[in-house]
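So the chains spell out like this:
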Amino acid sequence: MAIVEATGIHKHFGALHVLKGVDLVVEEKQLVFVIGPSGSGKSTLLRCLNRLEEPSGGAIVVDGVDMLSPRTDINKARQRIGMVFQSFNLYPHMTALGNVTLALRKVLGLGRAEAEKRGQAALDRVHLADRAGHFPGQLSGGQQQRVAIARAIALEPRVMLFDEPTSALDPELVGGVLEAMRELRQDGMTMVVVSHEMAFARAAADRVVFMADGAVVESGTPDEVFGNPQHERTKAFIGQIGRH
Amino acid sequence: MTNWERFVDSFFNARVAVEYFPKIVEGFWLTIVLAACIIVTGLAAGLLLAVVRAFAIRPLNLLIIFVVDLFRALPPLVIIALLYFGLPAAGLSMDGFVCAWIALAAVLMAFSEEIFWAGITAVPKGQWEAARSTGLGFLQTLGYVVLPQALRMTIPPLTNRTIAITKGTALASVVAVPDILGAANAGVSFSFNPTPLTMGAAAYLVLFLPVVIFGRWVETRFAWKR
Ligand SMILES: Nc1ncnc2c1ncn2[C@@H]1O[C@H](COP(=O)(O)OP(=O)(O)OP(=O)(O)O)[C@@H](O)[C@H]1O
Ligand SMILES: [Mg+2]
């Protein structure tokens, strides 16, 4: 069953045509990895999926819900789509637990005790149960990103979107975040990941999608795309990354 | 009388001081009440305008910007005079206290709206996006995520602006309000001695010096640390 079904997505920023008819299908429990040069529209595609960005055209169905229908309650639909950002975006005035429980209380309407129980469980899943009372400013970048993951998974979403979750981290902190993502994947979470962590893609991705200039150039298993790229642009991009 | 004795007799006359002390105390309380009214309504109205502005409804925002600029440009005394001396000509007359309250609250509303708005826009876009991505609505995001951060940033400039505008309560004496300055002026004209003004100045110091010191403390306390 497809959890995400995006067809013919277009996005214009004024005169700039950023997405030119992108199709993306993500099956349940799949991890789809999106790569591509800077400015190719990866973030924009991800942000269209939960309508942080309004697509100019196309269709998006997530877990059976038509995301672009005017009859869809967008706040309700977003509960089922977790998102993790490059810059963490934790609420600096709340503790880790406060960050995780805000939506549980105000969106799901849980009472404080129930929300905190679920929040603690979510923090536990990213191995930060002992940091519940810390403010973001008292946590390392890697810990902050794991709290951000906990904030998203606490709502028990049907799919998780990651936009370069490790790009803002010092190298020694990347591992912990990738480990949390790997465990999430093992627990059967459906995931779309934009990232440059090729080793992670090889180990964990079911499918790799290569984007350039607002379009999907090719997609396939990690072995196919990394080992035997079909298009010149893909070859050039993979070659470039390989040298890092 | 030597010059020194004349000076002391004019500004520190014990007999006059004793006689007008009760009036100054009454003015002191009146000034506090007026200031409290101005601060509460002015800040509330400023915050409300800033929140409305966050909805980004163009015609409404242009109106807000116009009103805000108007009250930032007009000298407070001119607004008070317009309300007190101008409105009766239109068949609407208001007490001097109410005129001063409305005028200064409008000025505080205008300045605080700008400060609140600057605070709201200073909160990174990522905060909105993170909150909205978890299903929080626009007002929930504003209320739980954006405003708490914005208000923290606005506290130092807001404190300073509030002190500056609240000192404008002295203008109320122009429209027959017996606040500290009003009471002191009345005392001077009855006693032909400026000692009540000295007492008035002392009363203002008693009132505002702690507030200014508090403002200084607030400024260091809320210096932004993330
Ligand atoms: N809000 C916006 N307004 C105008 N242009 C935008 C906006 N957001 C993105 N763009 C433009 O759209 C294009 C695609 O941007 P996007 O962020 O999706 O690329 P990306 O593939 O995620 O790149 P990167 O790897 O650098 O993150 C870029 O040219 C960018 O400048
Ligand atoms: Mg990007």
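**Describing empty space enclosed by the protein**
- Going through the model one piece at a time under the given rule, you end up with 1 cavity of 30 Å³ or more.
- Taken as a whole, the largest cavity spans an internal volume of roughly 60 Å³.
- Residue lining of the largest cavity: R78(A), Q79(A), I81(A), G82(A), M83(A), F85(A), R151(A), A152(A), L155(A), A130(B), S133(B) and T134(B), and that is the complete set.
- Of all the secondary-structure elements, those providing two or more residues to the lining of the largest cavity are strand 6 (81-84) and helix 5 (141-153) of chain A together with helix 6 (125-133) of chain B.
- No other element matches strand 6 of chain A, which puts 3 residues into the lining of the largest cavity.

**Regarding the sheet that holds strand 9 (residues 207-212) of chain A**
All names here are of chain A.
- Spatial strand order, 6-7-8-3-9-10: 6 strands in an open sheet with mixed pairing. Sheet topology places strand 6 and strand 10 (215-220) at the edges, where each strand pairs with a single neighbour. Direction aside, neighbouring strands of the sheet carry axes that sit 20° apart on average.
- Pairing between strand 6 and strand 7 (residues 159-163): 4 bridges, direction parallel. Across the sheet, I81 pairs through a bridge with V159, a residue of strand 7.
- Relative to the sheet, helix 5 contacts strand 6 and strand 7, its axis offset from that of strand 6 by approximately 170°.

**Here's the deal with the pairing of strand 3 (residues 31-35) of chain A**
All names here are of chain A.
- Here strand 3 lies mainly inside the structure; 5 of its 5 residues are buried.
- Residue alternation in strand 3 divides its side chains into two sets, L31, F33 and I35 and V32 and V34, and both sets are buried.
- For strand 3 and strand 8 (residues 190-194), the ladder comprises 4 bridges, and the chain directions are parallel. Residue V34 lies in a different strand from strand 8, and its bridge partner there is V194.
- Judged from the 4 bridges that link them, strand 3 and strand 9 form a sheet pairing that is parallel. In the strand pairing of strand 9, F33 is matched with V208.

**What to know about the interface of chain A and chain B**
- Each partner contributes to the interface: chain A provides 22 residues, whereas chain B provides 18 residues.
- In terms of surface lost to chain B, no three residues of chain A exceed Y91(A), P92(A) and K106(A), which account for 27% of the buried area on that side.
- Residue R47(A) is joined to E129(B) by a salt bridge in which the shortest nitrogen-to-oxygen separation is 2.7 Å.
- The interface formed by chain A and chain B contains 6 residue pairs in polar contact (both at pLDDT 80 or more).

Basis of the calculations
Residues numbered from 1 in each chain as written. Chains lettered and ligands numbered in written order. Predicted model: local features only at pLDDT ≥ 70, side-chain atom pairs only at ≥ 80, totals over all residues. Heavy atoms only, no water. 1 Å grid on protein atoms, 1.4 Å probe; cavity = no way out; pocket = protein on both sides within 12 Å on 5 of 7 lines; lining within 4 Å. Points joined across faces, edges and corners; volume = space filled by probe spheres on them. Helix = DSSP H or I, 4+ residues; strand = E, 2+ residues; numbered from the N terminus. Pairing = 2+ DSSP bridges. Axes fitted to C-alpha atoms, helices over the stretch in contact; angles between N-to-C directions. Contact = heavy atoms within 4.5 Å. Buried < 20%, exposed > 50% of the residue type's maximum accessible area, 1.4 Å probe, protein only. Buried area = accessible area lost by both parts, 1.4 Å probe. Salt bridge = Lys/Arg side-chain N within 4 Å of Asp/Glu carboxyl O. Polar contact = N/O pair within 3.5 Å; in protein donor to acceptor, adjacent residues only side chain to side chain.

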